[in-house]
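Residue-level listing of the chains:
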Amino acid sequence: RASDGLKVWQTNILERFSGKLISWGISESPLVEGDLVFVTPGGRGATVVALDKRTGRTVWASRDLSDRAGHSSIIAFDVGDTRALAAFTQSAGVGLRAEDGALLWRYERPANRTSNAATPIHHDGLVFYSSSYGVGGGAIQLTPRGRGVDIEEAYFSTQLQNHHGGVVLVDGHLYSFFGKMLTCVDFRTGEIQWRDRSVGKGSLTAADGKLYLIGENQVVGLARASPEGYEELGRFEIEDRGRPSWAHPVVTDGRLYIRNRQALTVYDVSE
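All values derive from a computational prediction rather than experimental measurement.

(A) Structural view of the layout of surface pockets. If you add up the space inside the largest pocket, you get close to 920 Å³. Ser27, Ala117, His164, Trp246 and His248 are, among the 32 residues lining the largest pocket, the residues nearest its centre. When residues of the lining of the largest pocket are traced back to their parent elements, those giving at least two are β13 (162-170), β17 (202-207) and β22 (255-260). It is β13 that provides the largest number of residues to the lining of the largest pocket, a total of 6 residues.

Here is the structure:
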């Protein structure tokens, strides 16, 4: 409870929905929308479930979907008059109807069975999924059909492999560490605009037209989000704590938050 920190309810989603703990553990961010919270237990007939956010009561389970969970988080958006959820399971990029969990689409090509970690990206009727381990990334075009959705692959490329550092969309272009190179991609066509070694393979977020980057080798960078080319605005190093830095940077209210294993550091980036 936000007012005093008291626990309102808790549940073990793996035990409750007969899910199995995947390698490296469940790592999604639950999605809270309206009165519901959406999570991915990865159980039989319960890959994704909707719970009442106030009580934890089960509202629905995805009866048409029994994939094991991936490491990705769910996103929500409208397809015509239908509120949809896009998730990335161990086996496929999938879409579910937010109202009742009915399966809307299944797109297996970008999935691997080791770790699908990148959160899907949706904009203007396209949904993009990407994974590593020799697979790649691709987008599907969504077309509403009654209460359902028709899909058609817009593009796919083995060059668009994101391991776990995230993908962001800025002004019609995707930015991500596809492979070991920071890459800019035209979201509508999948065409690569440029690639640069930047701070080395890592994670990123976007704010105010800039890319905040953290390399696995403890190098933090700032670059302009532009399809014209890579323009670095600065960089600095953080302490090496003996393991690669994997946490995504966070920017909010003029502050940059960087978690490096046990340490959390905050920087003023308001100017």
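That was the structure; now back to the text.
(B) Quick peek at the sheet that holds strand β2 (residues 36-39). Taken in spatial order, the 4 strands line up as β1-β2-β3-β4 in an open sheet, and their pairing is antiparallel. If you trace the sheet from one side to the other, it starts and ends with β1 (31-33) and β4 (58-61), each paired once. This sheet shows a mean twist of 20° between the axes of neighbouring strands, independent of strand direction. Two strands pair when backbone bridges link them, and β2 and strand β3 (residues 49-52) are joined in this way by 4 bridges, in the antiparallel orientation. Looking at β3, one finds that leucine 36 is bridged to aspartate 52.

(C) Spotlight on the pairing of strand β23 (residues 263-268). Of the pairings in the sheet, the one linking β22 to β23 comprises 6 bridges and is antiparallel in character. Looking at β23, one finds that arginine 255 is bridged to aspartate 268. Where β22 hands over to β23, the hairpin turn is made up of 2 residues, of which arginine 261 adopts a positive phi near 55°.

About the criteria used
Residues numbered from 1 in each chain as written. Predicted model: local features only at pLDDT ≥ 70, side-chain atom pairs only at ≥ 80, totals over all residues. Heavy atoms only, no water. 1 Å grid on protein atoms, 1.4 Å probe; cavity = no way out; pocket = protein on both sides within 12 Å on 5 of 7 lines; lining within 4 Å. Points joined across faces, edges and corners; volume = space filled by probe spheres on them. Helix = DSSP H or I, 4+ residues; strand = E, 2+ residues; numbered from the N terminus. Pairing = 2+ DSSP bridges. Axes fitted to C-alpha atoms, helices over the stretch in contact; angles between N-to-C directions.

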